[in-house]
Structure formats: C-alpha cells, structure tokens
Amino acid sequence: LLAASGDRALRRWDLTGRRELVQRDAAAGTRPGAAFAVVAPGGGVEVYAPWDTGGFAVHDLATGAHSRVMPWGEGYRHTIGAWDPDGRHYAVAVGDRLDVWDLRTATRVDGARLPGARVSEIDYSPDGARLVVAEVSGRVTTLSTRTWQPVAPPIESAAVVAVEWP
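Residues numbered from 1 in each chain as written. Predicted model: local features only at pLDDT ≥ 70, side-chain atom pairs only at ≥ 80, totals over all residues. Heavy atoms only, no water.

**Details of the pairing of strand 10 (residues 97-102)**
Put simply, side chains in a regular strand alternate between the two faces of the sheet.
Argument step 1. Burial within strand 10 is extensive, with five of its six residues counted as buried.
Argument step 2. Here strand 9 (residues 89-94) pairs with strand 10 via six bridges, running antiparallel. By the bridge assignment, H89 is partnered in strand 10 with D102.
Argument step 3. Remark: two residues form the turn of the hairpin made by strand 9 and strand 10, two consecutive strands paired antiparallel; G95 in that turn has positive phi of roughly 60°.
Argument step 4. In this sheet, strand 11 (residues 107-113) lies alongside strand 10 in antiparallel orientation, the contact comprising six bridges. Bridge pairing in strand 11 places V100 opposite D110.
Argument step 5. The antiparallel hairpin formed by strand 10 and strand 11 contains four residues in its connecting segment, where A106 sits at a positive phi of about 55°. (Buried < 20%, exposed > 50% of the residue type's maximum accessible area, 1.4 Å probe, protein only. Helix = DSSP H or I, 4+ residues; strand = E, 2+ residues; numbered from the N terminus. Pairing = 2+ DSSP bridges.)

**Brief notes about the layout of surface pockets**
Any space left empty among the atoms is revealed by the rolling of a water-sized probe across them.
Argument step 1. Each pocket or cavity is described by its volume, and for the largest pocket that value is around 240 Å³.
Argument step 2. Lining the largest pocket are 14 residues; nearest its centre among them are V38, I80, G81, A82 and D123.
Argument step 3. Those elements that provide at least two residues to the lining of the largest pocket are strand 4 (34-39), strand 8 (82-83) and strand 12 (119-124).
Argument step 4. In terms of residues, the lining of the largest pocket owes the most to one element, strand 12, which gives three residues.
Argument step 5. Of the residues in the lining of the largest pocket, the class split is ten nonpolar, one polar and three charged. (1 Å grid on protein atoms, 1.4 Å probe; cavity = no way out; pocket = protein on both sides within 12 Å on 5 of 7 lines; lining within 4 Å. Points joined across faces, edges and corners; volume = space filled by probe spheres on them. Nonpolar A, V, L, I, M, F, W, Y, C, P; charged D, E, K, R; others polar.)

**Structural notes on the sheet that holds strand 14 (residues 139-144)**
As a general point, the strands of a sheet are linked pairwise by backbone hydrogen bonds and lie either parallel or antiparallel.
Argument step 1. With antiparallel pairing, the four strands of this open sheet are ordered in space as 12-13-14-15. One side of each edge strand has no neighbouring strand; the edge strands of this open sheet are strand 12 and strand 15 (155-156).
Argument step 2. Taken together, the five bridges between strand 13 (residues 130-135) and strand 14 define a ladder with antiparallel strand orientation. Within strand 14, the position partnered with R130 by the bridge is S144.

**Comments concerning the nonpolar core**
Argument step 1. The biggest cluster of nonpolar side chains holds 17 residues, and the ones touching the most others in it are V47, F56, W83, Y90 and L103.
Argument step 2. Contributions of two or more residues to this core are made by strand 4, strand 5 (45-50), strand 6 (55-60) and strand 9.
Argument step 3. Residues contacting W83, with those up to four places away along its chain left out, are V38, V39, A40, P41, V45, E46, V47, H89, Y90, L103 and Y124.
Argument step 4. Ranked by size, the runner-up nonpolar core spans 14 residues in total, among them A93, I122, V133 and W148. (Core = buried A, V, L, I, M, F, W, Y, C linked by side-chain atoms within 4.5 Å. Contact = heavy atoms within 4.5 Å.)

**Some words on the sheet that holds strand 11**
Argument step 1. Read from one edge of the open sheet, four strands run 8-9-10-11, paired in antiparallel fashion. The two strands at the open ends of the sheet, each matched to only one other strand, are strand 8 and strand 11.
Argument step 2. Across two bridges, the pairing between strand 8 and strand 9 is antiparallel. Of the residues in strand 9, the one forming a bridge with W83 is Y90.

Now the structure itself:
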C-alpha cells in the first residue's frame, strides 16, 4: 500500500505483515502539501492537488519531478478524478464537464458534457472502455470512453459517494 500524508511523505506499507516498510521516500518528500494524492496504476507517479492552486499536478516518484499545474476549471467538483488503466490519462469531472488529460504532456486531450452537473465520483472500467459517473442525486450512468455516450439506461439510487469496478 502507498499512503500519502499531510507531512509530504509517501509511505509504503506491507498490509500482510501490518508494518511500515519505508517511512519517507526522498522524492516524495519534495512534494508540496496537497489536498489529495492518488498513485497511478502500477505506481511510479501520483496525481496530487497542491494547496491553493486551483488544479492538480503529476509527481514522478522515482525522480521527484513535477508537472505544471493543470486547472480544474469552474464548477462543482467533489470527485478527485480517475486514472485510466493505461496509467497515462487521468479524467476529472467539474460541473457538467469531463476532461481527460494526458499526464505525460500535461495537456487536455478529450472531454465531454456529463449527464448531470453535480458528479460525486467517476471510475474507469478495468479495460478502460467505460467510465461510470455517479451524481449527488443518486443517478449512476455508464459511458463509452470512445463516444462519451451512455451504454445503458442510468441507474437511480440513493446518494452515491463512491464507485469502483469489481
């Protein structure tokens, strides 16, 4: 398990043995304070939201290098985003907009209008072909990542705070 903390450390844990393996990575120690940090599939880099920047950045855990800050944009934002299983792209939902970023180049490469304006969570399917979008209202919609259109009628539920593919 990799765990980011408020003291700017990235800790590595052995969950089976229930012990901390590395107390502080040198590269992770250079990351500025952040509202959140999410490690990429397979490790190696993390997306984090530096305090008071209005955006997010990428931190290479091996070299300590940081990307430029990519803006969130205007609108309601509850979710922290979702890693594409390819480990290169990251999706963020703000207001009624979905933006997909290429994190190697720090550029927006795709996007779409979302079915609702108050998204609580998003997550890619394991094969990256679909993105599930949960709204504060309880509506859950699954979109094709090729067309950004729904692949099935939405599911109506109680308020959804987390989604994850099995």
